[in-house]
Amino acid sequence: SFGLHSSHRLSPTPRITMDQPVKRAKVTKVLGRTGNTGNVTQVRVEFIDEQNRSIIRNVKGPVREGDILCLLEWEREARRLR
């Protein structure tokens, strides 16, 4: 057979567990659509516990201003749309 053996597979996506810390962020501005087919929305979010800090993130699925996102990873910022 031509299937991949388990030793050749790519590493699986990281498992999300309920005990991982999350950071809540409020969507302050929808910046635009991105991605190959436009299915990703780029937004600016402001952290709820740090009002003076905001970053740009990519969101898959419906999103609008005022929504609260639970971010599992909050150090990384998306590159700005061109």
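Residues numbered from 1 in each chain as written. Predicted model: local features only at pLDDT ≥ 70, side-chain atom pairs only at ≥ 80, totals over all residues. Heavy atoms only, no water.

Turning next to the nonpolar core. General note: in soluble globular proteins, nonpolar side chains tend to be found buried as a group. Core analysis: the biggest nonpolar cluster contains 11 residues, these being Ala25, Val27, Val43, Val45, Phe47, Ile55, Val59, Val63, Leu69, Leu71 and Trp74. Mapped onto this core, the elements with two or more residues apiece are β1 (23-34), β2 (40-47), β3 (54-60) and β4 (68-71). Sorting elements by how many residues they give to this core places β2 first, with 3 residues. Valine 43 has contacts with Val27, Lys29, Val30, Leu31, Ile55, Ile56, Arg57, Val59, Val63 and Leu69, leaving out every residue within four places of it along the chain. (Core = buried A, V, L, I, M, F, W, Y, C linked by side-chain atoms within 4.5 Å. Buried < 20%, exposed > 50% of the residue type's maximum accessible area, 1.4 Å probe, protein only. Helix = DSSP H or I, 4+ residues; strand = E, 2+ residues; numbered from the N terminus. Contact = heavy atoms within 4.5 Å.)

The strands making up a sheet associate through hydrogen bonds between their backbones, and the pairing can be parallel or antiparallel. Taken in spatial order, the 4 strands make up an open sheet running β3-β2-β1-β4, and their pairing is antiparallel. Unpaired on one side and paired on the other, β3 and β4 mark the two borders of the sheet. The sheet shows a mean angle of 50° between the axes of neighbouring strands, direction not considered. Pairing between β2 and β3: 7 bridges, direction antiparallel. By the bridge assignment, valine 40 is partnered in β3 with lysine 60. (Pairing = 2+ DSSP bridges. Axes fitted to C-alpha atoms, helices over the stretch in contact; angles between N-to-C directions.)

Below, the discussion takes up the pattern of salt bridges. Going through the model one piece at a time under the given rule, you end up with 4 salt bridges. Here arginine 64 makes a salt bridge to aspartate 67, at a shortest N to O gap of 4.0 Å. Glutamate 73 is the partner of arginine 76 in a salt bridge, and the nearest nitrogen-oxygen pair spans 3.3 Å. (Salt bridge = Lys/Arg side-chain N within 4 Å of Asp/Glu carboxyl O.)

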